[in-house]
Amino acid sequence: MGSLYSEYLNPNKVQEHYNYTKETLETQQTSSRQVASAFIIILCCAIVVENLLVLIAVARNSKFHSAMYLFLGNLAASDLLAGVAFVANTLLSGSVTLRLTPVQWFAREGSAFITLSASVFSLLAIAIERHVAIAKVKPYGSDKSCRMLLLIGASWLISLVLGGLPILGWNCLGHLEACSTVLPLYAKHYVLCVVTIFSIILLAIVALYVRIYCVVRSSHADVAGPQTLALLKTVTIVLGVFIVCWLPAFSILLLDYACPIRSCTILYKAHYFFAFATLNSLLNPVIYTWRSRDLRREVLRPLLCWRRGAGVQGRRRAGTPGHRLLPLRSSSSLERGMHMPTSPTFLEGNTGV
C-alpha cells in the first residue's frame, strides 16, 4: 500500500498509462480542438450563471424555503459545481494532461465525478419527494426539514465517497492491464461500479415516476387534478432529458469495461459523450424555471433590474429627468409581473406565461 501511494507524485506515471491504453496521444492544440474547448467552456459558464440565478432566487425569497425548493437548490448547487469542475477539466486536458502527477489527475477527474454524481442523487431526491407528495399524498411539513437536510447531506457524502475511491486506492497504478481506456488511471471494475450505481438510480427514478403516473392517471385517484397532470408532464420532461443526456455516457463506459485495450477506437472520443452528459446540468434549471411561473419571475428579477437600471442611466445621459421614469415603470406591468403570490407552488400547474 505504501508503494502505491508513493506513485501519486510520480510525474511520469500519467504518461505511462496514456501510452499503454491509447494508440495515439492528442497532445497538440489543433484549431478544431481549440474551438471545441472554447465551446465547452462557454457552455459551462452558462451552466454556472443560470444555476447561480436559481440559487439566488431560492435563497433571497423566504416563500421558496420549502421542501421542493430546498431540493431544487441542492440540484442547482451540484449542477453549478459540475460546470466549474468541467471547466477545470477542460483547461487541464490536452497537452497539460501528461504534465500532471497522479494525485492531480485524480483530483481533476474525481471532482467531475463527485459533482455529476451529486446531480444524479439530487434528481433522485426530487423524485422521492414528488412520490411522497403525490403518490402518498403526504407533502413535507416544516417538521420534516431535518429529514430533508439529512437526505441532502447523505447524497453529498455518498458522492464524495464514490468520487474519492480512486484516490483512496481503488485505481490501476501498478496494474496497467486493469486500466480503463477512457480514464487511464481508473480501474475498469471501478468504472463498472459507477455505471452500475448510476443505472440503478436511473431505474429507481423511472420506477418512481411510473408510480406517480399510475396514481395520477388512475380514475379512482383523488389527486388527478389539473395541477398534478401538469406535474406529470414536467417529470416526464425531466426524466426524458436525464435519459437522453446520460445514456450515451453510460453506454461508452460499459463499452470501456467490455473492450480490451486498444480494440475500440470510439473510446478515444469519449470526452464528447461526457460533454453531452453535462448538458443535463444546463437543461435542469431551464426545465424547472420554465414550468414554474413564480420561480421564473424570481430568477429573471436580477436581469430585469439590471436592464431597468441600464435604461434609466441611458435616458439620464440623453437628458431625460430620472424622476419621471420611476412612476412610469412602477405603475406598469413590470411591477405587477414581479409580484409574487403568497403561496408559491413548484411544478404544480403554475406554467402560465
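Residues numbered from 1 in each chain as written. Predicted model: local features only at pLDDT ≥ 70, side-chain atom pairs only at ≥ 80, totals over all residues. Heavy atoms only, no water.

Engineer: Go over the overall build of the chain, please, and point to the residues and values.
Structural biologist: Scanning the chain from terminus to terminus reveals 12 helices and zero strands. N-terminal to C-terminal, the α/β element order of the chain is α-α-α-α-α-α-α-α-α-α-α-α. Per-residue burial over the chain gives 46% buried out of 353 residues. Nonlocal contacts in the chain, meaning residues at least 24 apart in sequence, comprise 81% of its contacts between residues at least 6 apart. As displayed, the chain offers around 17,400 Å² of accessible surface, 65% of which is attributable to carbon and sulfur atoms. (Helix = DSSP H or I, 4+ residues; strand = E, 2+ residues; numbered from the N terminus. Buried < 20%, exposed > 50% of the residue type's maximum accessible area, 1.4 Å probe, protein only. Contact = heavy atoms within 4.5 Å. Areas by Shrake-Rupley, 256 points an atom, 1.4 Å probe, with all protein chains shown as cover.)

Engineer: Would you mind going over helix 4 (residues 67-91) in detail, with residue names and values included?
Structural biologist: The end-to-end C-alpha distance of helix 4 is 37 Å, a good match for the 36 Å that 25 residues give at a rise of 1.5 Å each. Of all 25 residues in helix 4, 19 are buried; the element is thus mostly enclosed. (Expected span 1.5 Å × (residues − 1).)

Engineer: Tell me about the side chain of S180, and please be specific about residues and values.
Structural biologist: Position of S180 among the secondary structure elements: in the loop between helix 6 (145-168) and helix 7 (188-217). With a relative accessible area of 0%, S180 lands in the buried category. A distance of 3.2 Å separates the side chain of S180 from the backbone nitrogen of V182, its partner in a polar contact. Other than its neighbours up to four places away in sequence, S180 contacts T21, Y186, K188, V191 and D256. (Polar contact = N/O pair within 3.5 Å; in protein donor to acceptor, adjacent residues only side chain to side chain.)

Engineer: So what's going on with the side chain of E50? Residues and values would help.
Structural biologist: Note on placement: E50 falls in helix 3 (residues 31-60). The exposure class assigned to E50 is buried, which follows from its relative accessible area of 17%. Among residues more than four places away in sequence, those in contact with E50 are S281, L282, L283, P285 and V286.

Engineer: Lay out the UniProt feature "transmembrane region" (unreviewed entry) in the chain in plain terms, naming residues and giving numbers.
Structural biologist: UniProt records the feature "transmembrane region" (unreviewed entry) for residues 35-58, 70-92, 112-128, 149-169, 189-210, 230-250 and 270-290 in the present numbering. Here residues 70-92 runs as 96% helix and 0% strand, with 33 Å between its end C-alpha atoms. Here residues 112-128 is 100% helix and 0% strand, with 24 Å between the C-alpha atoms at its ends. (UniProt positions renumbered as here; feature names shortened; annotations may be inferred.)

Engineer: An account of helix 9 (residues 270-291) is requested, with residue identities and associated values reported.
Structural biologist: In a regular helix each residue adds 1.5 Å, so 22 residues correspond to 32 Å; helix 9 covers 33 Å between its end C-alpha atoms and thus fits that length. In the structure, helix 9 departs most strongly from a straight axis at L283, where the bend amounts to approximately 35 degrees and where the proline P285 lies between one and four residues downstream. (Bend = angle between axes of the 7 residues up to and from the residue.)

Engineer: Report on the pattern of salt bridges, specifying residues and quantitative values.
Structural biologist: Scanning the model with the defined rule gives four salt bridges in all. Between E16 and K13 there is a salt bridge, with the nearest N and O atoms lying 3.4 Å from each other. Pair noted here: E16 and K13 are both in helix 2 (residues 13-21), with a separation of three residues, about one helical turn. Owing to a relative accessible area of 11%, K13 belongs among the buried residues under this scheme. (Salt bridge = Lys/Arg side-chain N within 4 Å of Asp/Glu carboxyl O.)

Engineer: Go over the nonpolar core with me, naming the residues and quoting the values.
Structural biologist: Core analysis: the biggest nonpolar cluster contains 81 residues, and W105, Y186, F198, I205 and W246 have the highest contact counts within it. When residues of this core are assigned to their parent elements, the largest contribution, 13 residues, is made by helix 5 (residues 102-135). Here Y186 is in contact with W105, F106, E109, G110, F113, P166, C172, A178, C179, S180 and V191, once residues within four sequence places are set aside. (Core = buried A, V, L, I, M, F, W, Y, C linked by side-chain atoms within 4.5 Å.)

Engineer: With reference to specific residues and values, describe the packing of aromatic side chains.
Structural biologist: As enumerated under the stated definition, the model contains 11 aromatic pairs in all. Consider the rings of F198 and F250, whose centres lie 5.9 Å apart with planes at 40 degrees: the pair is tilted. In this pair, F198 is assigned in helix 7 and F250 in helix 8 (residues 226-258), connecting sequence segments 52 residues apart. The exposure class assigned to F198 is buried, which follows from its relative accessible area of 5%. An aromatic cluster of at least three residues, connected via ring pairs, comprises Y8, W105, F106, F113, W170, Y186 and Y190. (Phe/Tyr/Trp six-rings, centres within 6.5 Å; stacked < 30°, edge-to-face > 60°.)

Engineer: A description of the state of the cysteines should follow, citing residues and the corresponding values.
Structural biologist: Summed over all chains, the structure comprises two disulfides. Note that C172 is cross-linked by a disulfide to C179, the S-S spacing being 2.1 Å. Looking down the S-S bond of the C172 and C179 bridge, the torsion is 105 degrees, so its handedness is right-handed. This pair shows no difference in class: C172 is buried, exactly as C179 is. A disulfide bridge connects C259 with C264, and the sulfur atoms are separated by 1.9 Å. The sign of the S-S torsion, about -70 degrees, decides the handedness of the disulfide formed by C259 and C264: left-handed. Judged by its relative accessible area of 7%, C259 falls in the buried class. In the chain, the cysteines engaged in disulfides, taken in order along the sequence, are linked 1-2, 3-4. Here C44 is not cross-linked by a disulfide; its sulfur's nearest cysteine counterpart is in C45, at 7.2 Å. (Disulfide = S-S within 2.5 Å.)

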